[in-house]
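Structural features, examined
Spelled out from the first residue to the last, the chains are:
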Amino acid sequence: MRHLMSPMDFSVEELEKLMDLAGDIEKNPEKYAHACAGKKLATLFYEPSTRTRLSHEAAMLNLGGSIMGFSSADSSSASKGESVSDTIRTISCYADICAMRHPKEGAPMVACRHSSIPVINAGDGGHQHPTQTLTDLLTIRSLKGHLGNMTIGLCGDLKFGRTVHSLIHALVRYPGIRFVMISPEELRLPGYIRSDVLDKKNVPYEEVVRLEDALPNLDLLYMTRVQKERFFNEEDYVRMKDFYILDAKKMELAPKDMYVLHPLPRVNEISVDVDSDPRAAYFRQMQYGVYIRMALILTLLEINV
Ligand code: NCD
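A brief look at the structure comes next. (Residues numbered from 1 in each chain as written. Predicted model: local features only at pLDDT ≥ 70, side-chain atom pairs only at ≥ 80, totals over all residues. Heavy atoms only, no water.)

**Quick notes on the pairing of strand 2 (residues 66-70)**
- In this structure, strand 1 (residues 40-45) lies alongside strand 2, joined through five bridges in parallel fashion. Looking at strand 2, one finds that Lys40 is bridged to Ser66.
- In the classification by handedness, the crossover that spans strand 1, the intervening helix 2 (residues 51-62) and the parallel strand 2 is right-handed. (Pairing = 2+ DSSP bridges. Helix = DSSP H or I, 4+ residues; strand = E, 2+ residues; numbered from the N terminus. Right-handed = clockwise from strand over helix to strand, strands pointing away.)

Dropping the structure here:
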């Protein structure tokens, strides 16, 4: 049985297959409409979510399966003190596959050790968010036609942003990837990712503070929200939260084919006047999230259509 804890759980070849399957699902949705008939997905969300939870649910419903779950720790027995390992033993009796989001790094990993059904990590603290990365890879491949040979700007909260951490892990496996890390000094990418991932693989990157300096040289800009819930004090968050605001004026500095991605939710970091720019790809990105999660559910349940 297979789980998804990190984007590295799939080889580059397996990812290609997964994205090809997502592409076929997009083109022929009716072919897959009953593929999961009789199967149940449980969503175990101990942290807030809109897209990740509902897109997993939409994915299962589109496949003809059913859904169950909880959307906050308060409404589950976690509030009575139940452990993740006991909860997953329970869910294993009710569902065929589950997606778990948890504020503690490693909680889905604990779950998969006690689970008899596939577990999908839907975000664990500031650590990883592999299904967002699958979404991002499919989006980039669809927009650019390929995944290697590009300069990618990662902007915002690179310290706590789990989407960025997972995306870096996944992208360094493609040739010709260069990164420009754009963040305030206090929200720099953690040292362990710089040393264990970037330096180890000799991936070229630079770190800058000003977004304007980076924009002219990027093929892709990945914006992120400052992760309010991971700050130890409100004051630091308030100081950081509007550090970057991408607006139509700044977009004039960017190349004509530089797409803007964002895992969403956005707060102020992308002004609404960018939404109508043809390079704004963050709403399209959400739609790709449903196709890739459909492909993921089929793959983990080993259902061939
Ligand atoms: C991200 C997350 O939860 O890490 N959202 C998402 O799943 N699309 C990004 C964020 O919350 O900033």
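**Section: helix 3 (residues 84-94)**
- Among the residues of helix 3, those classed as buried are Val84, Ser85, Thr87, Ile88, Ile91 and Ser92. Each buried residue of helix 3 lies within a common arc of 155° when the element is viewed along its axis, so the set occupies one face.
- The inward-facing, buried residues of helix 3 abut strand 1, strand 2, strand 3 (97-102), helix 4 (107-113) and strand 4 (119-124). (Buried < 20%, exposed > 50% of the residue type's maximum accessible area, 1.4 Å probe, protein only. Arc of directions from axis to C-beta. Contact = heavy atoms within 4.5 Å.)

**Points about the site of the ligand**
- The local shell around the ligand consists of Thr52, Arg101, His129, Gln132, Arg162, Thr163, Arg225, Gln227, Pro263, Leu264 and Pro265.
- Between the ligand and Arg101, the relevant distance is 3.1 Å, taken from an oxygen atom to a side-chain nitrogen or oxygen of the residue.
- Backbone polar atom of Pro263 to a nitrogen atom of the ligand: 2.9 Å apart, as the coordinates give it.
- Grouping the amino acids of the shell around the ligand by side-chain chemistry returns three nonpolar, five polar and three charged. (Near = heavy atom within 4 Å. Polar contact = N/O pair within 3.5 Å; in protein donor to acceptor, adjacent residues only side chain to side chain. Nonpolar A, V, L, I, M, F, W, Y, C, P; charged D, E, K, R; others polar.)

**What to know about the packing of helix 5 (residues 130-144) against helix 11 (residues 282-300)**
- Contact pair helix 5 / helix 11: the axes reach a minimum separation of 8 Å and the direction vectors enclose 115°. As helix 5 runs across helix 11, the sense of the crossing is right-handed. Contacts between helix 5 and helix 11 involve Thr131, Gln132, Leu134, Thr135, Asp136, Leu138, Thr139, Ser142 and Leu143 from the first element and Arg284, Gln285, Tyr288, Gly289, Tyr291, Ile292, Arg293 and Leu296 from the second. (Axes fitted to C-alpha atoms, helices over the stretch in contact; angles between N-to-C directions. Left-handed = near helix turned anticlockwise from the far one by under 90°.)

**Focus: the sheet that holds strand 2**
- Spatial strand order, 2-1-3-4: four strands in an open sheet with parallel pairing. The sheet is open, and its two edges are formed by strand 2 and strand 4, each paired on a single side. This sheet shows a mean twist of 15° between the axes of neighbouring strands, independent of strand direction.
- Here strand 3 runs beside strand 4; their pairing, made up of four bridges, is parallel. Pairing of Met100 across the sheet is with Asn121, part of strand 4.

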